[in-house]
Amino acid sequence: MSAGTPPLSTPPKPQAKALNCPKCGAAITLRCFGQAETVVCGSCRCILDAKDPNLAILQQFEIKTSDVKPFIPLGTRGKLRGTDYEVIGFQRRHITVEGVTYSWHEYLLFNPYKGFRYLSQYNGHWNDISICKQLPMLEGGFFVGIGGSANYLGEVYRHFQTSDANTDFVLGEFPWQVRVGEHAVVTDYVHPPRVLSSEKLDKEVTWSIGEYMYGREIWDSFKLPGSPPEAIGVYENQPSPVTTNVTSIWLAFAAFAIFLLALMAGFDMRAKKEPVLHETYLYNRTDAKSEPSFVSDVFELTGRTSNVEVKTYAPVGNHWIYLNYALINQDSGQAWDFGREVSYYYGYDSDGSWTEGKQHDSVVVPSIPPGHYYLRIEPEADPSLPSIAYTVDVIHDVPVFGIYAIAFVALLVPALLISLRAYTFERSRWSESDHPPVQLSRMTGNSEDDS
Amino acid sequence: MFRKIYLLFGFFTLGTAAFAQYRGWSLDTVNQLKNVPKSVRDNPGSYRSVYVGYHHYTGGK
């Protein structure tokens, strides 16, 4: 270089322009670069025009800071569904239904490559929300957006609620012209765990799709201290804890019932039902004063261990007879002791004729091994009954239908309980909707898909 | 999850029912005894049932 040439100066380093609130002078942080339309001064609650180099004041609102405290502070970064996001905006909105105000929080998340995403929180229920990439198709309903359903990407969402939402608190920056007092008509359609929402502001309608998230997932994603607020009640798109389609449970029950029926028919056909003893004995009161007990002939039970049915028939009328039975294995000395009563009463009174009891009785003695057996019988009878002939039948290997009845009930009870749980859950969900349960006809049929 | 549990429970129930039927289970209650003396066959009075003295119903309507 020649001596007369001025030295080259190093180019100036790019510096971020310091932004300050034109109202109170507090520092303003812009996190989403040039995409913010409005930014809120956290100090004086002025809504500023982020596109204006001088940050023109658009609105100022008054609210106690202590009244609204975001669970996720602005500037918090976290990984949501595999993508890093930063919380850049927060707003509280509310609806008023029958004089009751319901408020919820919305968090605006930003990623420079993925854009914006939202989190909503109501009573400890969270939703991960993004703008729909395709316009949903409305089906049915008397008016567009009221009643009926919406179809989005092949999934049918049932109308849940249409309400007027008002924004009453904002903080941070927003890619739209946010205002406190902003009024929008919000319509929700649900297909748990997703919710499809349309938000009508003036003539502009924005559709968003949300998916239910548990507070613990949010806390883990943003590494927040402490525990998430406990979820209260059932939220509109909260997945049912009975994460099973109730219809599939009943289909399974029907299949089991048919299988049980087939099992019963199969065992009934396979059972030997082999008569091994058929005797008629005479009970005589005068004889009973001596030793009343006696033994039957020996009979043989063959094959595998199975049951034995002992049937008694006595033509009693307004009397009873009681038989102390013992089925005794002649070889091993093993015995099965049981007593059976046969009684039958009848008469006539002001209500008409009546009967009580039966002239026959049956008992199934369980799991009798093969071998040689006999019955020891010790009869007792009504003192007014002088004598009676009674018949004893012993049948080897009989089906016990009570087992199938118990199995049927055992299969039925869980299906009923699951249905009841799903019903009560759906009832709680829809009781908060524009379609309370009394109008709900397909409540249990619209449970969530099986997980 | 509930469906899987229910399916498992259903198969277990059917299996138990089939096993119970195969093994000759019963819903009736009997008292099982061992080593009843062989003399019972010749002298039935040497054994007394535990059900002797049962209180019988003598009513009617």
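Residues numbered from 1 in each chain as written. Chains lettered and ligands numbered in written order. Predicted model: local features only at pLDDT ≥ 70, side-chain atom pairs only at ≥ 80, totals over all residues. Heavy atoms only, no water.

### Observations concerning the overall build of chain B
And then number 1: Across its full length, chain B holds one helix and one strand.
And then number 2: Residue burial in chain B is summarised as follows: out of 61 residues, 30% are buried. (Helix = DSSP H or I, 4+ residues; strand = E, 2+ residues; numbered from the N terminus. Buried < 20%, exposed > 50% of the residue type's maximum accessible area, 1.4 Å probe, protein only.)

### A word on the pairing of strand 5 (residues 83-97) of chain A
All names here are of chain A.
And then number 1: Within strand 5, twelve of the 15 residues are buried, leaving the element largely enclosed by the surrounding structure.
And then number 2: Examined bridge by bridge, strand 4 (residues 77-80) and strand 5 share four bridges and lie antiparallel to one another. Across the sheet, the residue bridging to Lys79 is Asp84, located in strand 5.
And then number 3: Between strand 4 and the antiparallel strand that follows it, strand 5, lie two residues; Arg81 among them carries a positive phi value of about 50°.
And then number 4: Here strand 5 runs beside strand 6 (residues 100-111); their pairing, made up of eleven bridges, is antiparallel. Across the sheet, the residue bridging to Thr96 is Thr101, located in strand 6. (Pairing = 2+ DSSP bridges.)

### Things to note about the confidence of the model for chain B
And then number 1: In the predicted model, chain B carries a mean pLDDT of 83, and 79% of its residues have values of at least 70.
And then number 2: Our summary of model confidence lists the complex with pTM equal to 0.73 and ipTM equal to 0.85. (pLDDT = per-residue confidence, 0-100.)

### Structural notes on unusual backbone geometry
Keep in mind that most residues, glycine aside, have a negative phi and that most peptide bonds are trans.
All names here are of chain A.
And then number 1: Following Pro192, the chain continues into Pro193 via a peptide bond in cis, with omega recorded as 10°.
And then number 2: Within the secondary structure layout, Pro193 lies in the loop between strand 12 (183-191) and strand 13 (194-201).
And then number 3: One non-glycine residue with positive phi stands out, namely Asn123, at about 50°.
And then number 4: Here Asn123 is to be found in the loop between strand 7 (115-122) and strand 8 (125-131).
And then number 5: Positioned with a positive phi, Leu153 is a non-glycine residue whose angle comes to about 55°.
And then number 6: Checked against the element boundaries, Leu153 lands in the loop between strand 10 (149-152) and strand 11 (155-174).

### Observations regarding the interface of chain A and chain B
And then number 1: Each partner contributes to the interface: chain A provides 70 residues, whereas chain B provides 48 residues.
And then number 2: Buried surface at the junction of chain A and chain B, both sides included, amounts to about 5100 Å², of which 60% is carbon and sulfur.
And then number 3: Three residues, Phe256, Asp337 and Ile403 of chain A, lead the burial of chain A against chain B; their summed loss comes to 13% of the area buried on that side.
And then number 4: Partitioning the side of chain A that touches chain B into residue classes produces 39 nonpolar, 17 polar and 14 charged.
And then number 5: Here strand 20 (residues 335-349) of chain A runs beside strand 1 (residues 31-33) of chain B; their pairing, made up of three bridges, is antiparallel. Along strand 1 of chain B, the bridge assignment pairs Asp337 of chain A with Asn31 of chain B. (Contact = heavy atoms within 4.5 Å. Buried area = accessible area lost by both parts, 1.4 Å probe. Nonpolar A, V, L, I, M, F, W, Y, C, P; charged D, E, K, R; others polar.)

### With respect to the sheet that holds strand 15 (residues 274-284) of chain A
Residues and elements named next belong to chain A.
And then number 1: Ordered in space as 15-24-18-22, the four strands form an open sheet in which the pairing is antiparallel. Two strands close off the open sheet at either side, each with one partner strand: strand 15 and strand 22 (360-368). Between one strand and the next, the sheet's axes are offset by a mean angle of 15°, whatever the strand orientation.
And then number 2: In this structure, strand 18 (residues 306-313) lies alongside strand 22, joined through seven bridges in antiparallel fashion. In the sheet register, Glu309 faces strand 22, and the bridge partner there is Val364. (Axes fitted to C-alpha atoms, helices over the stretch in contact; angles between N-to-C directions.)

### Some thoughts on the pattern of salt bridges
All names here are of chain A.
And then number 1: On inspection of all chains with the given rule, the structure shows 15 salt bridges over all chains.
And then number 2: Taking the shortest distance from any N to any O, the salt bridge between Asp168 and Arg92 comes out at 2.9 Å. Taken together, the residues span a long stretch of sequence, with Asp168 in strand 11 and Arg92 in strand 5 at a distance of 76 residues. The same class applies to Asp168 and to Arg92, which are both buried.
And then number 3: The residue Arg117 makes a salt bridge to Asp128 at a minimum N-O spacing of 2.7 Å. Here Arg117 is found in strand 7, whereas its partner Asp128 is found in strand 8, with eleven residues between them in sequence. This pair shows no difference in class: Arg117 is buried, exactly as Asp128 is.
And then number 4: Through salt bridges with shared partners, a single network forms among Arg31, Arg77 and Glu86. (Salt bridge = Lys/Arg side-chain N within 4 Å of Asp/Glu carboxyl O.)

### Observations regarding the packing of aromatic side chains
And then number 1: Within the structure shown, the criterion is met by 24 aromatic pairs over all chains.
And then number 2: With 6.0 Å between their ring centres and 65° between their planes, Phe90 of chain A and Phe169 of chain A make a pair best called edge-to-face. Here Phe169 of chain A lies in strand 11 and Phe90 of chain A lies in strand 5, a separation of 79 residues in the sequence. Residues Phe90 of chain A and Phe169 of chain A agree in their burial class; the two are buried.
And then number 3: Between the aromatic rings of Tyr344 of chain A and Tyr346 of chain A, the centroid separation amounts to 5.8 Å while the plane-to-plane angle is 40°, which identifies the pairing as tilted.
And then number 4: Residue Tyr344 of chain A is classed as partly exposed on the basis of its relative accessible area of 22%.
And then number 5: One cation-aromatic arrangement involves Arg41 of chain B over Tyr374 of chain A; the distance from NZ or CZ to the ring centre is 4.8 Å. (Phe/Tyr/Trp six-rings, centres within 6.5 Å; stacked < 30°, edge-to-face > 60°. Lys NZ or Arg CZ within 6 Å of the ring centre and 35° of its normal.)

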